[in-house]
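Structural features, examined
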Amino acid sequence: MHDPAPDLAIPFQSVADILARHAAAHPQKPAIVDLDGGKEIDFAGLRAAVERIAAWLASRGVGRGDRVVVLSDERIEKLLVFLAVWRLGAIACPFHVETGIPHLRAMIAHIDPLLVLWQGELDGERILSGLGCAEARFAAWPEGDAGPGEVFASAAALEAGAAPAGGNRAGETACIFSTSGTTDRPKCVEWDHLGLWLCGLSSLDFTGMTGDDRLLEYRTFSWLSPQILALMPFLQTGLTLHMARRFSRRRFFDWIEHHRITVAIGVPTVINMLLNRPVEIEPGKIASLRLMTSSSAPLSPDRWRRFEALYGITLLQFYGASEGGWLCGNRHDRRKLGTVGRPARHIGLAILDPEGAPCPPGVEGEIAIRGPQTAVAAIAPSGEYRDMRPTRLAEWFRTGDIGVADADGFVTVTGRVKDLIVRGGVNIAPLEIDSVLLRLPGIEDAAAVGVPDPIYGEEVAAFVVARAGETVEPDGVIAGCAPHLPAFKLPKSVFVVDALPKSDRGKIRRDALKDLWRERAAEA
């Protein structure tokens, strides 16, 4: 069992104090580089812009504790508005614009914000129609445009010192964001500034990032992971943050070379794309890159090894959750392939048996968390509010993930409780089977699920995606698994499909695969 360390490597500061500190230390240093927008802002300009936008928000009645929805894709303007909301001690609600209009409307209505800020290329009028929300549009920084009430043009007319004194405090709510979900209405999670700050310190502990780093992020800041792996370290250290609206296989290595990126964010989907369709690069062109992260979904040990061998890039696998931020992480100076690393510095973590007792090393159980680096609350799609503050004290929160720790404290996540395959009373973790399937020749993607069986209750079924130009036969897949799995874990049926159903963060939707199995069974 691991409990959090009490000390803070970097003491908490408000956004106002952070930006003042960086602007004084290195005013002309690039702060944020917008790779798609072709623009950047230095720390002196960042402080001035955030102060003016905060002054404009205050003129609209926004103050401490007010909820402000921010609707935008990933561009420098989104972060300027986001930071200005925090500057006032207000609550940023940066909902993901690809969630879908019906879900956006439902979440906005439930949050009941004081103000909605929307990026001008969106159909803001359609999204907000009938909701009765106060709203304002923002165009392109720095000038904005001449439209009535446009944020940047209105803010530019104000003095940078017009924002109220003070700012965000550690124990105040910082953010309400939605979890992934494009077909089902997602849940919302509420975090305070202290929790985000601690997660950011965990990110620094994992990666060793300092103010000299140049970080590349291409995911949406509407999610927790980019906030704690990119935005918080940016604020804490004064590193240069490079942002893109989405990953580009064609441009990825050019970004690294041209901007001398030192740390690149990664996810298994990106790693798989770069493995399945390799990009020829000269190693010297990406010599600045010292590591690449992987989180948001499981990464198989085989893919990890192949990626490092192909590109010569050090990968660090992390493990997080919407309610707990970083749970575990491999460190830049200590890692173990195939694991998600050791528990994060500021999280309490245990692997518990069904009775709630800690499991010894080598024994699987459910991963549970507690301590100050956790969310304040989780808000279900039904509107049910789960207060998580008891978890910050001593009450264990069960994550629903199954894992095992080795004698050195390195944790391997083996599956989800709901995804366990129960065959003849024996629990089988599908991730173990996935890992074997992904090592087989000709397979680009794969997943195992439990399907009904009249004798054993459940049997193992596998769904595989063949690599482009290759043919995969079900019998060959089963034969290929046989040397690596005991008989009771061996897939009894294999289906070759064009693609696996996944969430927008790359997690396999195993329920959808079970539905597909039922369709195939009905047709047989």
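So, here is what we can say about the structure in this document. (Residues numbered from 1 in each chain as written. Predicted model: local features only at pLDDT ≥ 70, side-chain atom pairs only at ≥ 80, totals over all residues. Heavy atoms only, no water.)

One pass over the full model with this rule turns up 14 aromatic pairs. Seen in terms of ring centroids, Phe138 and Phe152 are 5.9 Å apart; in terms of plane orientation they differ by 80°. Their pairing is edge-to-face. Of this pair, Phe138 sits in strand 6 (residues 135-138) while Phe152 sits in helix 6 (residues 151-156), and the two are 14 residues apart along the sequence. Here Phe138 falls in the buried class, since its relative accessible area comes to 0%. Here a set of aromatic residues connected by ring pairs shows up, and it is made of Tyr218, Phe247, Phe252, Phe253, Phe307 and Tyr311. One cation-aromatic arrangement involves Arg423 over Tyr456; the distance from NZ or CZ to the ring centre is 3.8 Å. (Phe/Tyr/Trp six-rings, centres within 6.5 Å; stacked < 30°, edge-to-face > 60°. Helix = DSSP H or I, 4+ residues; strand = E, 2+ residues; numbered from the N terminus. Buried < 20%, exposed > 50% of the residue type's maximum accessible area, 1.4 Å probe, protein only. Lys NZ or Arg CZ within 6 Å of the ring centre and 35° of its normal.)

In this section: helix 4 (residues 101-111). Within helix 4, the full set of buried residues consists of His103, Leu104, Met107, Ile108 and Ile111. Take helix 4 and look down its axis: the buried residues cluster within an arc of 130°, on one side only. Where helix 4 is buried, its residues contact strand 3 (67-71), strand 4 (91-93), strand 5 (115-119), helix 5 (124-128), strand 7 (173-178) and strand 8 (188-192). Directly beyond the C-terminal end of helix 4, a positive phi value near 55° is found at Asp112. (Arc of directions from axis to C-beta. Contact = heavy atoms within 4.5 Å.)

Counting 87 residues, the largest nonpolar core has Leu46, Leu57, Trp86, Leu117 and Phe234 as the members making the most contacts within it. Residues contacting Phe234, with those up to four places away along its chain left out, are His22, Ala31, Ile32, Phe43, Leu46, Leu239 and Leu241. Core analysis: the second largest hydrophobic core is formed by 26 residues, Val33, Leu216, Val267 and Leu275 among them. (Core = buried A, V, L, I, M, F, W, Y, C linked by side-chain atoms within 4.5 Å.)

Two numbers describe how helix 10 (residues 268-276) lies on helix 11 (residues 301-311): the axes approach to 10 Å, and their chain directions differ by 55°. Here helix 11 runs oblique to helix 10, going by the angle between their axes. When the axes of helix 10 and helix 11 are compared, the crossing they make is left-handed. Across from Ile271, Asn272, Leu274, Leu275 and Asn276 in helix 10, the residues of helix 11 making contact are Arg303, Arg306, Phe307, Leu310 and Tyr311. Considering only residue class, the contact of helix 10 with helix 11 consists of 6 nonpolar, 2 polar and 2 charged. (Axes fitted to C-alpha atoms, helices over the stretch in contact; angles between N-to-C directions. Parallel < 35°, antiparallel > 145°, perpendicular 65-115°, else oblique. Left-handed = near helix turned anticlockwise from the far one by under 90°. Nonpolar A, V, L, I, M, F, W, Y, C, P; charged D, E, K, R; others polar.)

Okay, the environment of Leu224 next. One can find Leu224 in helix 8 (residues 224-237). Here the alpha-carbon distance between Leu224 and Arg52, two residues 172 residues apart in the chain, equals 26 Å. Once residues lying within four places of it in the same chain are set aside, the contact partners of Leu224 are Phe177, Trp191, Leu196, Ala321, Ser322 and Gly325.

Our focus in this paragraph is the sheet that holds strand 26 (residues 493-496). Pairing is mixed across the open sheet formed by 3 strands, whose spatial order is 24-25-26. Edge positions in the sheet fall to strand 24 (443-453) and strand 26, since each has one partner strand and no second. Strand-to-strand twist across the sheet, computed as the mean angle between neighbouring axes with direction ignored, equals 25°. As paired elements, strand 24 and strand 25 (residues 457-466) share 10 bridges and run antiparallel to each other. (Pairing = 2+ DSSP bridges.)

Attention now goes to helix 10. Buried within helix 10 are the following residues: Pro268, Val270, Ile271, Asn272, Leu274 and Leu275. Close packing links the buried residues of helix 10 with helix 9 (252-259), strand 12 (291-294), helix 11 and strand 13 (315-321).

Here we come to the sheet that holds strand 16 (residues 348-352). With antiparallel pairing, 4 strands are arranged side by side in an open sheet as 16-17-20-21. Strand pairing shows two members of the sheet lacking a second neighbour, strand 16 and strand 21 (411-416), which therefore form its edges. Put simply, the sheet's adjacent strands are angled 45° from each other on average, direction ignored. Across 5 bridges, the pairing between strand 20 (residues 397-405) and strand 21 is antiparallel. Following the sheet pairing, Ile402 is matched in strand 21 by Gly415.

Before going further, it helps to examine the environment of Phe12. Here Phe12 shows up in the segment before helix 1 (15-25). The class for Phe12 is partly exposed, based on a relative accessible area of 22%. Linking Phe12 and Gly149, residues 137 residues apart in sequence, is a C-alpha distance of 34 Å. Non-local contacts of Phe12, meaning those with residues more than four positions away in its chain, are made with Asn168, Arg169, Ala170, His193 and Trp197.

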